[in-house]
Amino acid sequence: MSSTSLLQNNANKENHNKKLVDSGTGSWHHCHDHAMAFESRKREQQQASRKLYMASVMCLIFMISEVIGGRIAGSLAVMTDAAHMSVDLMSFLISLISLWLSSKRPSKRLTYGWHRAEILGALLSMVIIWAVTGVLTYLAVMRLLHPHYEIHGMVMLITAGCAVIANMILSLMLYQTGHRHVQDGHHAACHLSQRTPASANASVRAAFIHAVGDLIQSVSVLVSALIIFIEPAYKMADSICTFIFSVFVLGTTMTVLRDILQVIMEGTPKGLSYDVVKEKILAMDNVKSVHNLHLWSLTMNQTLLMAHIVTADTADQQQVLKEMTEALFDTYNFHTVTLQMEPEGAQKPECIFCQDPRD
């Protein structure tokens, strides 16, 4: 090859590299930008851990108080509330362990890291509260069959009143919304709540459900305590209160269980529409079709997207990739976006992966 040809090839390479730099393909929304998503996730985990530490301390204090008060009063309903607070404490500790695991960096064996530990911890927490609810329901049935017991209405009333206050404080501590801020490489301090609803931290959400359940039980225990204090002969109200709460617990945990299973089964995340995301992609310039589109989550607030994009043969695929990646990150709260650009002839109608999933 002549020296003139070598110089021309070098010039072409330099021009190509310059175009890549000018178009921003080397710096926009690549894996380096996920550092900000990582920092956001880290801050969220720290906030969740702080809430769970505070909730655990308060839960331990009032659990001991309820055990003492329930024992003195002879109230199964108060002891039930104390047992559920002990389950709450156990679930808080499980959540703290799962948050610690989910903060560990990825490995070659677990390339996504331990993020799913948070989901598994929330699931274990649900299973524990169901088991305890079943045991306490059984004890309530035995009390109705063998009503030879005494309940001290005044002690039960005082203990139940304190439990209501404690669970109100606990619920407020654990309450969280999907409104938070994020900073990315192009836009400063965008409100995620204006994009798509950001799901709350799974561990804190499960803990909040526990606390709300305990609050409602504490209110029902307070009502039954008032009844027994006014008329001691109606001591069966203690067991009835346990039955009512058991049904309520099963109802409140089903919503959390559904969301947990959605993450484990890698379903389309709550708040995202497959069709809407696909239409957003198809609306981009020079995009002919999209297939092999997948939407799933690592946790309740870490959503991922993967898709194969077919572009016009005359299109600059790098430019289309750049614009589409920016549009998806700016419109939705995605943790990761992976796009594969393909020419028009790549999509085969008979290929199962090129077909849309069923409704």
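Each remark here, short or long, concerns the structure printed above.
About the cut-offs
Residues numbered from 1 in each chain as written. Predicted model: local features only at pLDDT ≥ 70, side-chain atom pairs only at ≥ 80, totals over all residues. Heavy atoms only, no water. Helix = DSSP H or I, 4+ residues; strand = E, 2+ residues; numbered from the N terminus. Buried < 20%, exposed > 50% of the residue type's maximum accessible area, 1.4 Å probe, protein only. Contact = heavy atoms within 4.5 Å. Areas by Shrake-Rupley, 256 points an atom, 1.4 Å probe, with all protein chains shown as cover. Patch = residues over 30% accessible without salt bridge, like charges linked within 9 Å, V, L, I, M, F, W, Y side chains within 5 Å. Salt bridge = Lys/Arg side-chain N within 4 Å of Asp/Glu carboxyl O. Expected span 1.5 Å × (residues − 1). Bend = angle between axes of the 7 residues up to and from the residue. Pairing = 2+ DSSP bridges. Core = buried A, V, L, I, M, F, W, Y, C linked by side-chain atoms within 4.5 Å. Axes fitted to C-alpha atoms, helices over the stretch in contact; angles between N-to-C directions. Nonpolar A, V, L, I, M, F, W, Y, C, P; charged D, E, K, R; others polar.

Visitor: Outline the overall build of the protein chain, supporting the account with residue identities and numerical values.
Guide: Looking only at helices and strands, the protein chain features nine helices and five strands. Counting from the amino terminus, helix and strand elements in the protein chain follow one another as α-α-α-α-α-β-β-α-α-α-β-β-α-β. Taking all 359 residues of the protein chain together, 46% fall into the buried category. By sequence separation, contacts in the protein chain at least 24 residues apart represent 76% of the contacts at least 6 residues apart. Summed over its atoms, the accessible surface of the protein chain is roughly 19100 Å², and 64% of this surface lies on carbon and sulfur atoms.

Visitor: Can you explain a nonpolar patch on the surface? Please cite residues and give values.
Guide: Residues M154, I158, L226, F229 and I230 make up a contiguous nonpolar surface patch of roughly 500 Å² in combined accessible area. Counting only elements with at least two residues in the nonpolar patch, the list comes to α5 (153–174) and α6 (202–230). Ranked by residues supplied to the nonpolar patch, first place goes to α6 with three residues. Residue position: F229 is located in helix α6.

Visitor: Got a sec to walk through helix α7 (residues 237–264)? Specific residues and values, please.
Guide: For α7, built from 28 residues, the straight-helix expectation of 40 Å at 1.5 Å per residue is met to within 8% by its first-to-last C-alpha distance of 40 Å. The sharpest bend along α7 reaches about 30 degrees and sits at M254. One or two residues past the end of α7 sits E266, with phi positive at roughly 55 degrees.

Visitor: Please set out the pairing of strand β4 (residues 302–311) residue by residue, giving values where relevant.
Guide: The buried count for β4 comes to nine of 10 residues, which makes it a mostly enclosed element. Count of turn residues in the strand β3 (residues 287–299)/β4 antiparallel hairpin: two residues. Where β4 lies against strand β5 (residues 334–342), eight bridges are found, and the strand directions are parallel. Within the sheet, the bridge partner assigned to H308 lies in β5 and is Q340.

Visitor: Any chance you could break down unusual backbone geometry for me, citing the residues and the numbers?
Guide: One non-glycine residue, E266, lies in the positive phi region at around 55 degrees. Positionally, E266 belongs in the loop between α7 and α8 (274–282). Accessibility expressed as a relative area gives 46% for E266, which makes it partly exposed. Phi is positive for N292, which is not a glycine, with a value near 55 degrees.

Visitor: Which residues make up the nonpolar core, and what are the values?
Guide: One finds I281, L305, I309, M324, L328, F334 and L339 to be the most contacted residues of the largest nonpolar core, which totals 25 residues. Of all the elements in the fold, those that place two or more residues in this core are α8, β3, β4, α9 (317–331) and β5. Sort the elements by how many residues they give to this core and α9 lands first, with six residues. Counting residues in hydrophobic clusters, the runner-up holds 17 residues, among them L52, C59, M85 and L170.

Visitor: With reference to specific residues and values, describe the packing of helix α3 (residues 76–102) against α7.
Guide: Running from amino to carboxyl end, α3 crosses α7 at an angle of 35 degrees, the nearest separation of the two axes being 8 Å. Contacts between α3 and α7 involve L76, A77, V78, T80 and H84 on the former and, on the latter, D238, C241, T242 and F245. For the contact of α3 with α7, the residue count by class is five nonpolar, three polar and one charged.

Visitor: Tell me about the pattern of salt bridges, residues and numbers included.
Guide: When their charged atoms lie close together, side chains carrying opposite charge are able to pair. Overall, the coordinates contain two salt bridges when judged by the stated rule. E266 is paired through a salt bridge with R116; the nearest N and O atoms lie 3.9 Å apart. With E266 in the loop between α7 and α8 and R116 in helix α4 (residues 116–145), the pair connects residues that are 150 residues apart, well separated along the chain. With relative accessibility at 25%, the residue R116 sits in the partly exposed group.

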